[in-house]
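Letter by letter, the chains look like this.
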Amino acid sequence: MQKLVFINGLNPRPINSDMARFLFFLNKIPVFRNLFIFKRAFCKVYNIPFSTSFGSGFYCSAPNVSLGENVGLADTLILAYAPVRIGNNCSFSYRNIIITSSHDFNDFSKVIASPVTIGNNVWVTTNVIILPGVTIGDNTVIGAGSVVTKDIPPGVFAAGNPCRVIEPIDFKK
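Residues numbered from 1 in each chain as written. Predicted model: local features only at pLDDT ≥ 70, side-chain atom pairs only at ≥ 80, totals over all residues. Heavy atoms only, no water.

Draft legend 1. Quick look at the overall build of the protein chain. Scanning the protein chain for helices and strands turns up three helices and 17 strands. Taken over the C-alpha trace, the protein chain has a radius of gyration of 16 Å; the compact-globule value for 173 residues is 16 Å, and the two agree within 12%. Projected onto its principal axes, the C-alpha positions of the protein chain cover 45 × 45 × 20 Å. A buried classification covers 42% of the 173 residues belonging to the protein chain. Of the contacts formed within the protein chain by residues at least 6 apart in sequence, a portion of 30% connects residues at least 24 apart. Surface summary for the protein chain: the accessible area is close to 9,300 Å², and the carbon and sulfur share equals 59%. Counting 15 positive and 9 negative side-chain charges, the protein chain places the averaged centre of each group 5 Å from the other. (Helix = DSSP H or I, 4+ residues; strand = E, 2+ residues; numbered from the N terminus. Rg over C-alpha atoms; globule rule 2.2 N^0.38 Å. Buried < 20%, exposed > 50% of the residue type's maximum accessible area, 1.4 Å probe, protein only. Contact = heavy atoms within 4.5 Å. Areas by Shrake-Rupley, 256 points an atom, 1.4 Å probe, with all protein chains shown as cover. Lys, Arg positive; Asp, Glu negative; His and termini not counted. Charge placed at Lys NZ, Arg CZ, Asp CG, Glu CD.)

Draft legend 2. Region of interest: the nonpolar core. Grouped together as the largest cluster of nonpolar side chains are 37 residues, with contacts concentrated most on Ile86, Ile98, Ile118, Ile130, Ile136, Ile142 and Val148. For this core, the elements supplying multiple residues, two or more each, are α1 (18–27), α3 (36–46), β3 (65–67), β5 (84–86), β10 (116–118) and β16 (156–159). Not counting the four nearest positions on each side in its chain, Ile142 is found in contact with Trp123, Val124, Thr125, Val128, Ile136, Val148, Ile152, Ala158 and Cys163. (Core = buried A, V, L, I, M, F, W, Y, C linked by side-chain atoms within 4.5 Å.)

Draft legend 3. Structural view of α1. Residues of α1 that are buried: Ala20, Leu23, Phe24, Leu26 and Asn27. The buried residues of α1 all sit within an arc of 160° when viewed along its axis, so they share a single face. Those residues of α1 that are exposed and aimed more than 90 degrees away from the buried face are Asp18 and Phe25. As for α1, its buried residues are in contact with α2 (30–33), α3 and β2 (59–60). (Arc of directions from axis to C-beta.)

Draft legend 4. Layout of the sheet that holds strand β11 (residues 123–124). With respect to topology, five strands assemble into an open sheet ordered β6-β11-β14-β16-β17, the strand pairing being mixed. Each edge of the open sheet is held by one strand with a lone partner, namely β6 (91–92) and β17 (164–168). Sheet analysis places β6 next to β11, joined by two bridges and oriented parallel. The residue bridging Ser91 from the neighbouring strand is Trp123, located in β11. (Pairing = 2+ DSSP bridges.)

Draft legend 5. Seen up close, the sheet that holds β10. The four strands are arranged β3-β5-β10-β13 in an open sheet whose pairing can be described as parallel. Edge positions in the sheet fall to β3 and β13 (135–136), since each of these pairs with one other strand and no more. Two strands pair when backbone bridges link them, and β10 and β13 are joined in this way by two bridges, in the parallel orientation. Opposite Ile118, over in β13, you have Ile136 as the bridge partner.

Draft legend 6. Summary view of the side chain of Ser93. If you trace the backbone, Ser93 turns up in the loop between β6 and β7 (97–99). Note on Ser93: relative accessible area 16%, which makes it buried. A distance of 3.1 Å separates polar atoms of two side chains, one belonging to Ser93 and the other to Trp123. Those residues within four positions of Ser93 in sequence are excluded, and the remaining contacts are Ala74, Asp75, Thr76, Trp123, Val124, Thr125 and Thr126. (Polar contact = N/O pair within 3.5 Å; in protein donor to acceptor, adjacent residues only side chain to side chain.)

Draft legend 7. The pairing of strand β9 (residues 107–113), seen in detail. When strand β8 (residues 101–104) meets β9, the two strands line up antiparallel, connected through four bridges. Counted as the bridge partner of Ser102 is Ile112 from β9. Counted along the chain from β8 to the antiparallel partner β9, the turn is two residues long.

Honestly, that's just the spatial picture; any functional story needs more than this.
Structure representation (structure tokens):
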């Protein structure tokens with residue numbers, strides 16, 4: 001796992017452009033959010049597929065996100081100092097947070113960031129927090145209120161604080 005270190009004043013953290021911040025502001029206004037041209041511009045600035053759906057509360061701290069097709073983000077907050085990769089056909093219910101960074105315990109001016117990877121066909125239910133360096137496997141469900149601190153294998157239902165595997169899932173097609 002690649003870790004990135006940002007030190008105040010020496011190397012800047014990735015941030016949104018002025019245009020991206022303006023689009024996030026407009027996204028909170030229903031009249032604009034429902035316009036085809038607005039969504040097209042938003043997807044282009046963030047380099048995300050047009051099939052992505054997001055709510056008024058969706059926010060991403062930096063353009064460091066790679067999304068697959070048919071991803072629903074609702075009002076997910078993504079702190080993307082390190083890359084966040086989300087596969088195809090993923091769904092995020094309400095009030096979820098993906099965090100890619102934390103501070104060095106010995107020097108709070110240092111921010112240490114690790115990528116987060118979420119596989120295909122993953123459902124992240126409500127009030128889930130995904131911490132830095134986590135990988136969630138394909139065909140997985142993360143239960144409500146979970147705090148994902150470690151990797152979750154594919155094909156399971158996992159929940160809790162800290163999140164752990166509860167049972168395997170066999171999806172019937």
